[in-house]
Amino acid sequence: MSTYMLDTATSRANPTPAPMKRLTVPKIQAMKGGEPIVMLTAYTMRMAQLLDQHCDMLLVGDSLAQVIYGLPSTVPVTLDMMCAHGAAVVRGSWHSVVVIDMPFGSYEASPEQAFESAARILKETGAAAVKLEGGEAMAETVAFLVKRGIPVVGHVGLTPQAVNALGGYGARGKSEAEAAKILADAKAVADAGAFAIVLEGVMEEIAIQATRAISCPTIGIGASAQCDGQVLVIDDMLGMFEQTARFVKKYDDFAQHVTDAAAAYAAEVRSRAFPGEGHIYRARG
Ligand code: KIV
C-alpha cells in the first residue's frame, strides 16, 4: 500500500504525518569534512519520493538522456526536458536539496545566457540549485550566477557533455598535466562560489587532493571514498543496465525483477488467470 498522499495545497508529496524539513544549500556546505553527503539522481516524481528520505541531495542529471530517453549522449538534452523532470522531482521530494543539470548549450555562450537558463530552471521547477560542467573556463559564469542568487554545483574531471572533445568516457587525470588541470579546475570553480563540486571519473589521488584543497564539499562519482559525498545514477545502482562504468556498484538487480514481473503478467494474461476475482468489478446484489 502506498503511504504517500499528494498535498495538493503545496503540490508536495507528503509521505509522513510530520514531513522532514527540506535541507538547504548552506547546510550542505556545512557538511564539508563531516558525515558524507548522500546524493542520487532522480528523474521522476515517484522515484524522488522513494529516495528522498535517504538522501541529502537529489540530482536531476542530464544522464536522463541515456537513462530515460535512450539518447546516445547528454548532448541533445534540452532545457524543456530538464524543467519537466526537475519539476516532477521537486514535487516528489520534501527533504533533499534538489539540483538540476544545465543542459549542453544552455550556459556556455556567456554568463548572461547561463543566468537566463538557470533562472528558468529554478522558476519552473522550484529546485534550489543548478549544476554545470567545466572548470576554469566556467569560473566567471559560476561567479556571475552565484552573485545573482543562484546556487551552483560544479562538475569537473570527466565531463560527459564534452564527450566529443574528450573522445570518450574514460577516467581523467592519468597524466601529470591532466591531473594538474583537474585540480586547477576544481579550485577555480570553488573560488568562484560553487557550493559543491562533483568530481567524476578521476584518479583517486586527484580526488583526495581536491577535497583537501577546496573549501566546498566534493561529491565523488568514480573518484574516492575520501570525497565529502558520493553520487550515483539511480538506474545504474539499481541494476537496470547490464553494462555500467567500473565505478558503479549495483545494489540490486532491478532489470531481473522487471523481466520476471513482465513474464509472470504475460503468462497470466495468456492463460486468462488475470484478471482474477479480486481485480474485476461486479454489480452488487
Ligand atoms: O547527469 C548526471 O547524472 C551526472 C552525475 C553522473 C553526476 O552529472
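Going along each chain's sequence as written, the residues are numbered from 1 onward. Local features in this predicted model are restricted to residues whose pLDDT is 70 or higher, and side-chain atom pairs enter the listing and the counts only when it is 80 or higher, whereas totals over whole chains, interfaces and linings include all residues. Only hydrogens and water are set aside when side-chain values are computed; all heavy atoms of the structure are taken into account.

Student: Can you help me understand the confidence of the model for the protein chain in this one?
Tutor: A residue's pLDDT is the confidence the predictor assigns to it, expressed on a 0 to 100 scale. Scored by pLDDT, the protein chain comes out at a mean of 94, with 93% of its residues at no less than 70. Whether two residues are in contact is decided by their heavy atoms, any of which lying within 4.5 Å being enough. In the model, residues 1–5 has pLDDT below 50 throughout and makes eleven contacts with residues more than four positions away in sequence or in other chains.

Student: For this particular structure, what's the right way to read the pattern of salt bridges?
Tutor: Where charged atoms from two side chains of opposite charge approach closely, those side chains can pair. Any Lys or Arg side-chain nitrogen found within 4 Å of a carboxyl oxygen on Asp or Glu counts as a salt bridge. Tallied over the entire structure, the rule returns eight salt bridges. Between Lys32 and Asp228 there is a salt bridge whose closest N-O contact spans 2.8 Å. Here Asp228 lies in the loop between β9 (218–221) and β10 (229–232) and Lys32 lies in the loop between α1 (25–29) and β3 (37–41), a separation of 196 residues in the sequence. According to the relative accessible area criterion, Asp228 is buried, its value standing at 6%. Residues Lys181 and Glu136 are paired through a salt bridge, measuring 2.7 Å at the closest nitrogen-oxygen approach. Put simply, DSSP H or I for four residues or longer makes a helix, DSSP E for two residues or longer makes a strand, and each gets a number counted from the N terminus. Under the scheme applied here, a residue whose accessible area is under 20% of the maximum for its type counts as buried, over 50% as exposed, and between as partly exposed, the area being computed with a 1.4 Å probe on protein chains only.

Student: Mind showing me how you'd approach the packing of aromatic side chains here?
Tutor: In this description, an aromatic ring pair is defined by two values, namely the gap between the centres and the angle between the planes. Pairing of aromatic rings covers Phe, Tyr and Trp, the last counted by its six-membered ring, and requires centre-to-centre distances within 6.5 Å; plane angles under 30 degrees mean stacked, over 60 mean edge-to-face, and any other angle means tilted. Under the counting rule described, the total for this entry stands at one aromatic pair. Remark: a charge is flagged as sitting over a ring if the NZ atom of Lys or the CZ atom of Arg is within 6 Å of the ring centre and within 35 degrees of the ring normal. It is Arg148 that lies over the ring of Phe144; its NZ or CZ is 3.5 Å from the centre.

Student: Is there a simple way to think about the sheet that holds strand β5 (residues 97–101) in this case?
Tutor: One key point about sheets: their strands pair by backbone hydrogen bonds, in either a parallel or an antiparallel sense. Judged by pairing direction, the barrel is parallel, and its eight strands sit side by side in the order β3-β4-β5-β6-β7-β8-β9-β10 before closing back on the first. The mean inter-strand angle of the sheet, taken between neighbouring strand axes irrespective of direction, is 25°. Here, any two strands with at least 2 DSSP bridges between them count as paired. Alignment of β3 against strand β4 (residues 57–60), held across three bridges, turns out to be parallel. Within β4, the position partnered with Met39 by the bridge is Met57. To get an axis, a line is fitted to the C-alpha atoms, and for a helix only the part in contact is used. The angle between two axes follows their N-to-C directions and goes from 0 to 180 degrees.

Student: Help me out: how do you make sense of the side chain of Thr74 in this one?
Tutor: Note that Thr74 resides in the loop between α3 (64–67) and α4 (79–91). Contact partners of Thr74, with chain neighbours within four places excluded, come to Asp62, Ser63, Ala65, Gln66, Pro160 and Gln161.

Student: Honestly, the pairing of β5 in this entry has me stumped. Any pointers?
Tutor: Remember that side chains alternate between the two faces of the sheet whenever the strand is regular. Buried residues dominate β5, accounting for five of its five residues. As judged from the four bridges shared by β4 and β5, these two strands associate in the parallel manner. Bridging from a neighbouring strand, Leu59 pairs with Val99 of β5. Bridge count between β5 and strand β6 (residues 129–131): three bridges; the pairing is parallel. By the bridge assignment for β6, Asp101 is matched with Lys131. Crossover β5 to β6 through helix α5 (residues 111–125) is right-handed. Note on handedness: a crossover is taken as right-handed if, strands pointing away from the viewer, the path from the first strand over the helix to the second is clockwise.

Student: How should helix α8 (residues 176–191) be read in this particular structure?
Tutor: One full turn of an α-helix is made of 3.6 residues, so residues set three or four places apart face in the same direction. To estimate the expected span of a helix, subtract one from its residue number and multiply by 1.5 Å. For α8, built from 16 residues, the straight-helix expectation of 22 Å at 1.5 Å per residue is met to within 8% by its first-to-last C-alpha distance of 22 Å. Turning to α8, its buried residues number three or more, namely Ala179, Ile182, Leu183, Asp185, Ala186, Ala188, Val189 and Ala190. Here the buried face of α8 lies against α6 (139–147), β7 (152–157), β8 (196–200) and α9 (204–213). Looking one or two residues past α8, Gly193 carries a phi angle of roughly 115°, positive in sign.

Student: What exactly am I supposed to notice about unusual backbone geometry here?
Tutor: Most peptide bonds are trans, and most residues other than glycine sit at a negative phi. Following Phe274, the chain continues to Pro275 via a peptide bond in cis, the omega torsion being 0°. Along the chain, Pro275 turns up in the segment after α11 (254–270). Phi is positive for Arg272, close to 60°, though the residue is something other than glycine. Summarising the element assignment, Arg272 is placed in the segment after α11. For Arg272, a relative accessible area of 75% gives the class exposed.

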